[in-house]
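A look at the structure
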Amino acid sequence: MNPVIISTEALRSAPRALARPGSIQATGSSRSRFQDLPLPARLLLAVPRARGRTPKASIAARYVLDTLGRIIDAGSERQHTIEAVNLLAQILLNPANHLEPADSHASEWLSDTENLVLCLLCKIHGGQAEEARNLARHCLDAPSIEPFSKAAAAVCSADCFRRGGSHVFTPSWRGMPDHYCPLEHRSVSLSSELTLGESVLLNSLRLRKRTLSYAGLGAQVVPMLCQHAALPELQVVVDALLVEAIRYSAQPATIQCLCCPELSAVEAMYLGALAEFSAGDATRTQRQLSEWLPADSVNRLMARREEYQAILRQIGTPLPSRHWDIRELRAREMLHRDCEHFNETPMIH
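Here is a short report on the structure shown in this document. (Residues numbered from 1 in each chain as written. Predicted model: local features only at pLDDT ≥ 70, side-chain atom pairs only at ≥ 80, totals over all residues. Heavy atoms only, no water.)

**Thoughts on the overall build of the protein chain**
Assigned secondary structure in the protein chain consists of 16 helices and two strands. Considering only contacts within the protein chain whose residues lie at least 6 apart along the sequence, 77% involve residues at least 24 apart. (Helix = DSSP H or I, 4+ residues; strand = E, 2+ residues; numbered from the N terminus. Contact = heavy atoms within 4.5 Å.)

**Looking at the nonpolar core**
Counting 105 residues, the largest nonpolar core has Phe169 and Leu234 as the members making the most contacts within it. No other element matches the 10 residues that helix 12 (residues 265-279) contributes to this core. The residues contacting Phe169, other than those within four sequence positions of it, are Leu37, Ala41, Leu44, Leu118, Leu121, Cys122, His125, Val155, Cys156 and Phe161. (Core = buried A, V, L, I, M, F, W, Y, C linked by side-chain atoms within 4.5 Å. Buried < 20%, exposed > 50% of the residue type's maximum accessible area, 1.4 Å probe, protein only.)

**Things to note about helix 9 (residues 196-210)**
Since one α-helical turn is 3.6 residues long, residues separated by three or four positions face the same way. The terminal C-alpha atoms of helix 9, which comprises 15 residues, lie 21 Å apart, in line with the 21 Å expected from a rise of 1.5 Å per residue. Most of helix 9 is tucked away, with 13 of its 15 residues classed as buried. (Expected span 1.5 Å × (residues − 1).)

**Here we look at the packing of helix 9 against helix 11 (residues 234-248)**
Across the interface, helix 9 lies against helix 11 with an axial gap of 10 Å and an inter-helix angle of 60°. It follows that helix 9 is oblique to helix 11 by the angle criterion. You can see that helix 9 and helix 11 cross each other, and the crossing is right-handed. Contacts between helix 9 and helix 11 pair Val200, Leu201, Ser204, Leu205, Arg208 and Lys209 from the former with Leu234, Val238, Asp239, Leu242 and Ile246 from the latter. Split into classes, the residues belonging to the contact of helix 9 with helix 11 amount to seven nonpolar, one polar and three charged. (Axes fitted to C-alpha atoms, helices over the stretch in contact; angles between N-to-C directions. Parallel < 35°, antiparallel > 145°, perpendicular 65-115°, else oblique. Left-handed = near helix turned anticlockwise from the far one by under 90°. Nonpolar A, V, L, I, M, F, W, Y, C, P; charged D, E, K, R; others polar.)

Below is the structure:
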């Protein structure tokens, strides 16, 4: 494990040093790479990174922020989680708490501010709330301390981070575990029932499909999302399956809106194929693809099987193989549902 190390002795000797831009010296610590964080922590920091410090977020950034929010929490507590993430993002973007030039947020390295915030989250996640509060007095301007404490506690209790284990905010990722098992997981029908890795893939697909008809914008959003999640190659796999489905599948490419809580049958088949690519079983992968794509499409995708497997394993979290109930999912698609996209709590814009 490569933990975040903060010298509290140095902080005590210079109580307000952290409030002055450029004044921090990370005594006894080394810089942390953003891509070495577990996926939940990358998604959390991706929100302020995608938002940036411009007065108004670009349209592409708004789409990406919306998608990040749906990956982080698609369940019944979504509004509460989004409000907490927004508050943390505002604190990270607050010039009074900023220790580096603005363009450093595009770096592959964690900024000093990000490192410190993750340190505080680690303490709160580990039940050391009072110690985190004391450290926050050195790191943040006074008006930010109480809101940060409340937002951090809410974030730590959200499923995305609570299920990430004791090192969910620590740069300790060492690759994806060997998760392949001949037993299949049960079928699900709601996006909130997916694993975090599945949610990244589903929402990337929905984001791509939603912006496909907008010239320029459609080419920006998924690469931007993948960049901020430290998964720059993921768009290759997302586009490959989507293109084959749109062009050659006999079934309509029913991809739901980002706000839709229901999974479509096509989305389930898409997730099933990616799970098999990730697991690396060529026979199962080919059989799964053949259920919804013609032979030529299957052959094109199978020719890049090893490339796709390597990309998907960069997600760093297992993609379960499910026994999808396609008949049930198709039946549920017939139910009329109004789009609630514009009535939901937005991510920070």
